[in-house]
Amino acid sequence: MPDPQLPAIHDLKSQAKRLRTVLNERHQSVSHSAALELMAAQYGYRDWNSLHAAAGKSEPPTCPYQVGDRVTGWYLGQAFRATILTVQTRSDPTLFRVTLDLDEPVDVVRFDSFSAYRKRITLTLRKDGTTMEKTSDGHPHMVLDLIKV
């Protein structure tokens, strides 16, 4: 049974990758396997295999959306219909990087004298279909309907 106090294995590997990057930037070259061993030592395990076994096999993050899904929602206060082109998981299993191809471009500028239309949008969504980024009036940049069309 996995130790609930330990991060998931994919998070441990992400930490090892960041550690390796920082050490390499400081001219302390380490291999990926050495970074994994350092992570094991940090968590009090004798080696990566022991830490891996203690962390257990975690479920990969699941996104409520898939490539090719047809969706509706609101982007900067404007309704849209779109097709999902890409879905990428983040190190935080509650966030997903999504690229949408809108059926009709939306104007992302709120000035009468200027317009800027976007047909393709890439942003990070929470599992509930909203962005963390908010407009000046406090609304999420995007609200994606959880019901697919």
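Because the structure is predicted, anything quoted here is derived from the model rather than measured.

1. Comments concerning the packing of helix 1 (residues 9-25) against helix 2 (residues 32-42)
- The contact between helix 1 and helix 2 brings their axes to 9 Å, and the two run at 115°. Crossing angle aside, the handedness with which helix 1 passes helix 2 is right-handed. Residues Leu12, Lys13, Gln15, Ala16, Leu19, Arg20 and Leu23 of helix 1 touch helix 2, and the partners they reach there are His32, Ala35, Leu36, Leu38 and Met39.
- Tallied by class, residues from the contact of helix 1 with helix 2 come to 8 nonpolar, 2 polar and 2 charged.

2. As for unusual backbone geometry
- A positive phi angle is found at His27, which is not glycine, with a value near 60°.
- Residue position: His27 is located in the loop between helix 1 and helix 2.
- Using a relative accessible area of 75% as the deciding quantity, one classes His27 as exposed.
- At Leu76, a position not held by glycine, the phi torsion is positive, near 50°.

3. So, the sheet that holds strand 2 (residues 78-89)
- With respect to topology, 5 strands assemble into an open sheet ordered 4-3-2-1-5, the strand pairing being antiparallel. Bordering the open sheet on either side are strand 4 (117-126) and strand 5 (142-144), each of which pairs with just one other strand. Mean inter-strand twist for the sheet, computed between neighbouring axes without regard to direction, equals 40°.
- In terms of strand pairing, strand 1 (residues 70-75) meets strand 2 through 6 bridges, oriented antiparallel. In the strand pairing of strand 2, Gly73 is matched with Phe80.

Procedures and definitions
Residues numbered from 1 in each chain as written. Predicted model: local features only at pLDDT ≥ 70, side-chain atom pairs only at ≥ 80, totals over all residues. Heavy atoms only, no water. Axes fitted to C-alpha atoms, helices over the stretch in contact; angles between N-to-C directions. Helix = DSSP H or I, 4+ residues; strand = E, 2+ residues; numbered from the N terminus. Left-handed = near helix turned anticlockwise from the far one by under 90°. Contact = heavy atoms within 4.5 Å. Nonpolar A, V, L, I, M, F, W, Y, C, P; charged D, E, K, R; others polar. Buried < 20%, exposed > 50% of the residue type's maximum accessible area, 1.4 Å probe, protein only. Pairing = 2+ DSSP bridges.

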